[in-house]
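Close look at the chain arrangement
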Amino acid sequence: MTRKYFGTDGVRGQVGTLPITPEFIMRLGYAAGMTLAHNPEARGHLKASDRPAVLIGKDTRISGYMLEAALEAGFSAAGVDVMLCGPLPTPAVAYLTRALRLQAGVVISASHNPYDDNGIKFFSAQGTKLPDNVELEIERRLDEAMSCQASAQLGRAVRIADAAGRYIEFCKSTFPNDLDLRGLKIVVDCAHGAAYHVAPAVFHELGAEVVSIGASPNGLNINDAVGATAPDSLRRAVLEHQADIGVALDGDGDRLVMADASGKLYDGDMLLYVIARQQAKQGKVAGVVGTLMSNLGFEHALGRLGIDFTRAKVGDRYVLELMQERNWQLGGENSGHIICLDKHSTGDGIIAALQVLAALRIGGESLALACADLSMYPQKLINVRLPLGFDWKSDPGIREAADHAEKSLNGSGRVLLRPSGTEPLLRVMVEGESEKDVLAHAEAIAAAARAATGN
């Protein structure tokens, strides 16, 4: 069965347009609730007489209020109890779902997208993305008529008052007990998103002097020129406040970009290298999972450390699947999703930052020194908007431009074309030894794609 609504990271779109409408989201809650009530894999060890329960969290988008109410109504109609935790990072919902022994966690967020987008993503009882068969059953039930349980069987709703405090303590527990962050001045950019009231507290309570930016959400400013997708704000703030280091998260708190005292930015590949390098010194790392977008320089640097490396499809769910298959503990994407399975069941920007800081503390190094042996290849990514249903793979102009780039690189680089899993975009990526050649090839392929689509 082909997915109709679920992408690589749940259901996502522009608010007010299918599928992100109140009516559809209520039906989605109902379909998910009925699946949890009747699917043995989702119910786990629940007795037949027990009602399933889910946790609903959200980021700071203004549409979150509307969608939260719609989801709650759908779950209640299906006879599922609901716990509400308000704005919390996506990985916090994954953690609390496990900690509270619930059947699922639900996050209302469009991650790094602008405020007028939103989405719904689900976590299993184990704090991981839902298994494919459960997602497919939810899709099947979406095509069925919605009804309502008898009044006595309707789900109840309760708000968790201490959710943020629980998550803050969990994050702190992943940092070594014999270390602290005293003496460090850290800029923390929360992207006006879900981590605005938890991330600064985590670093402060571990001893750091914290300067918070992007921590004043108003429902409309999430990811707006701040956060991991706009890291120049972090760079400027680090320099302005003469900080030792900077941490930038995205709107739902699962991506990470960092900056050093000079304002140099470090992406997911570079930060994953810092963690892996320190773990290799301690004999704790077997291998690292990256993606098709991971930098060749990152792969080569891991090889020099004797660390195995393999690539998954783009998307943290695919990284996690391959990590579990290989029984490896480290993986991530250059966009900043970093998964440390020995610490958490999913990617977490705060926890990843703490692992980087722990590695630097243990080694007595700066970010620049920890990455001294890491030589990244120039890489250019261009997004081209695609009309719905456009078959870019069959377009001769796009194929000709990509083939020309591959022949010119002659094995010294890579060309990768792929559709976005969350937006109607073709992502054009070129990587190689010469920055000038990389840029020229990427622009040529993007120009061919724009010509083919009429953009």
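Just so you know, these numbers come straight off a predicted model, no measurement behind them.

1. What to know about helix H4 (residues 90-99)
Along H4, eight of the ten residues are buried, which leaves the element largely enclosed by surrounding structure. Along H4, the positions that sit buried rather than exposed are Thr-90, Pro-91, Ala-92, Val-93, Ala-94, Tyr-95, Leu-96 and Thr-97. Packing partners of the buried residues in H4 comprise strand E2 (53-58), strand E3 (81-87), strand E4 (104-108), strand E5 (117-124) and helix H6 (163-173). Following H4 by one or two positions, Arg-101 has its phi on the positive side, about 55°.

2. Structural notes on the packing of helix H14 (residues 396-409) against helix H15 (residues 435-453)
Two elements in contact, H14 and H15, have axes whose closest approach is 8 Å; the angle formed by their N-to-C orientations is 170°. The orientation of H14 relative to H15 falls into the category roughly antiparallel. Contacts from Gly-397, Ile-398, Ala-401, Ala-402, His-404, Ala-405, Ser-408 and Leu-409 of H14 reach H15 at His-441, Ala-444, Ile-445, Ala-448, Ala-449 and Ala-452. Its residues assigned to classes, the contact of H14 with H15 shows ten nonpolar, four polar and no charged.

3. Considerations on the sheet that holds E2
Strand pairing in a sheet relies on backbone hydrogen bonds. The paired strands run either parallel or antiparallel. Here we have six strands laid out as an open sheet, ordered E1-E5-E4-E2-E3-E6, and mixed in their pairing. This sheet does not close on itself; its edge strands, each paired only once, are strand E1 (11-14) and strand E6 (157-159). Between one strand axis and the next, the sheet turns through 20° on average, direction left out of account. Bridging between E2 and E4 involves five bridges; their strand directions are parallel. Within the sheet, the bridge partner assigned to Val-54 lies in E4 and is Ala-104. Contacts from helix H1 (residues 22-38) reach E1, E2, E4 and E5, with the element oriented near 5° to E5. Where helix H3 (residues 63-77) meets the sheet, it contacts E2, E3, E4, E5 and E6, and its direction lies at approximately 170° from that of E2.

4. Some remarks on the packing of helix H9 (residues 268-281) against helix H12 (residues 349-363)
Helix-helix packing is characterised by the crossing angle of the two axes and by the distance between the axes. Closest axis-to-axis distance for the H9/H12 pair is 9 Å, and the angle between their directions is 50°. On the basis of their axis angle, the class for H9 and H12 is oblique. The hand of the H9/H12 crossing is left-handed. Together, Leu-271, Val-274, Ile-275 and Gln-278 of H9 and Ala-352, Gln-355, Val-356, Ala-359, Leu-360, Ile-362 and Gly-363 of H12 make up the contact between the two elements. Across the contact of H9 with H12, the residue classes break down as eight nonpolar, three polar and no charged.

5. Things to note about the packing of aromatic side chains
If you walk through the whole model with that rule in mind, you get four aromatic pairs. Lying over the aromatic face of Tyr-318, Lys-313 brings its terminal NZ or CZ to 4.2 Å of the ring centre. Cation over ring: Arg-326 sits above Trp-328, and NZ or CZ is 5.3 Å from the ring centre.

6. Description of the pairing of strand E12 (residues 287-291)
Burial analysis of E12 places five of its five residues in the buried class, the great majority of the element. Residues Gly-287, Val-289 and Thr-291 of E12 are buried on one face, and the alternating residues Val-288 and Gly-290, pointing to the opposite face, are buried as well. By the bridge criterion, five bridges tie E12 to strand E13 (residues 308-312) in an arrangement that is parallel. Residue pairing across strands places Gly-287 opposite Asp-308, the latter belonging to E13. In this region the chain leaves E12, passes through helix H10 (residues 296-304) and returns to the parallel neighbour E13; the handedness of that crossover is right-handed. The sheet contact formed by E12 and strand E14 (residues 330-332) spans two bridges and is parallel. Each residue of the ladder has a partner; that of Val-288, found in E14, is Leu-330.

7. Points about a nonpolar patch on the surface
Residues Ile-62, Tyr-65, Tyr-115 and Leu-220 make up a contiguous nonpolar surface patch of roughly 430 Å² in combined accessible area. Relative to the assigned elements, Ile-62 resides in the loop between E2 and H3. Exposure remark for Ile-62: the relative accessible area of 48% places this residue in the partly exposed category.

Parameters and conventions
Residues numbered from 1 in each chain as written. Predicted model: local features only at pLDDT ≥ 70, side-chain atom pairs only at ≥ 80, totals over all residues. Heavy atoms only, no water. Buried < 20%, exposed > 50% of the residue type's maximum accessible area, 1.4 Å probe, protein only. Helix = DSSP H or I, 4+ residues; strand = E, 2+ residues; numbered from the N terminus. Contact = heavy atoms within 4.5 Å. Axes fitted to C-alpha atoms, helices over the stretch in contact; angles between N-to-C directions. Parallel < 35°, antiparallel > 145°, perpendicular 65-115°, else oblique. Nonpolar A, V, L, I, M, F, W, Y, C, P; charged D, E, K, R; others polar. Pairing = 2+ DSSP bridges. Left-handed = near helix turned anticlockwise from the far one by under 90°. Phe/Tyr/Trp six-rings, centres within 6.5 Å; stacked < 30°, edge-to-face > 60°. Lys NZ or Arg CZ within 6 Å of the ring centre and 35° of its normal. Right-handed = clockwise from strand over helix to strand, strands pointing away. Patch = residues over 30% accessible without salt bridge, like charges linked within 9 Å, V, L, I, M, F, W, Y side chains within 5 Å. Areas by Shrake-Rupley, 256 points an atom, 1.4 Å probe, with all protein chains shown as cover. Salt bridge = Lys/Arg side-chain N within 4 Å of Asp/Glu carboxyl O.

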